[in-house]
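# Topology and contacts: notes
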Amino acid sequence: MFSKACEYGIRASIFIAKNSFEGKRVNPREISEEINSPYAFTAKILQTLVKHNIIKSVRGAHGGFEIIKEDIPNIKLSQIVEAIDGDIIYEGCGLGLDKCEEQQPCSVHDKFKIIRKSLKKMLKNTSIEELAIDLQRGTSFLKI
């Protein structure tokens, strides 16, 4: 449903948030290893997240990526998805057809419309804070 870049962006944001709660910055190599993503691809995704003000990059000996603690509760999954994939996830055809609309729907159009609406609601209502806390508690994982 999400692009690989978006999946990695979500995972990276959760990992960065978890570390930010603990007052730590993480470097791209650590992130890449933790989320099981190629290093160069991860670095590119991280720059996109910085550009969209989701994460912060700090240069220098004690640099790395972080999220300001006070901002963590306000960052929703929808922001990450929109920064990386845009809004195509809310618009695209369930069967991948180039043209699928109310006037000429595909065979799953009406059913998929309900799923898209639920997905949009979940992404807008889920903060990376709650996901980072689950990760911190050990009730969820970024890789197995």
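This text goes with the structure placed above it.
Residues numbered from 1 in each chain as written. Predicted model: local features only at pLDDT ≥ 70, side-chain atom pairs only at ≥ 80, totals over all residues. Heavy atoms only, no water.

### Observations regarding the side chain of Asn 19
With respect to the helices and strands, the residue Asn 19 is situated in helix 1 (residues 4-21). By relative accessible area, which is 6% here, Asn 19 ends up buried. A polar contact is formed between the side chain of Asn 19 and the backbone oxygen of Phe 15, at a distance of 2.9 Å. Among all residues touching Asn 19, those that are not within four sequence positions of it are Lys 24 and Val 26. (Helix = DSSP H or I, 4+ residues; strand = E, 2+ residues; numbered from the N terminus. Buried < 20%, exposed > 50% of the residue type's maximum accessible area, 1.4 Å probe, protein only. Polar contact = N/O pair within 3.5 Å; in protein donor to acceptor, adjacent residues only side chain to side chain. Contact = heavy atoms within 4.5 Å.)

### Regarding the packing of aromatic side chains
Within the structure shown, the criterion is met by one aromatic pair. Taking NZ or CZ as reference, Arg 29 lies 3.9 Å from the ring centre of Tyr 39, over its face. The aromatic ring of Tyr 90 is capped on one face by Lys 120, whose charged end is 5.0 Å from the ring centroid. (Phe/Tyr/Trp six-rings, centres within 6.5 Å; stacked < 30°, edge-to-face > 60°. Lys NZ or Arg CZ within 6 Å of the ring centre and 35° of its normal.)

### Thoughts on the nonpolar core
Counting residues in hydrophobic clusters, the biggest one holds 33 residues, and the most contacted among them are Ile 16, Ile 31, Ile 55, Ile 67 and Ile 128. Counting only elements with at least two residues in this core, the list comes to helix 1, helix 2 (28-35), helix 3 (39-51), helix 4 (77-85), helix 5 (88-91), helix 6 (109-125) and helix 7 (128-137). Per-element accounting of this core gives the leading share, nine residues, to helix 1. What Ile 16 contacts, discounting residues up to four positions off in sequence, is Val 26, Ile 31, Leu 46, Ile 55, Phe 65, Glu 66 and Ile 67. (Core = buried A, V, L, I, M, F, W, Y, C linked by side-chain atoms within 4.5 Å.)

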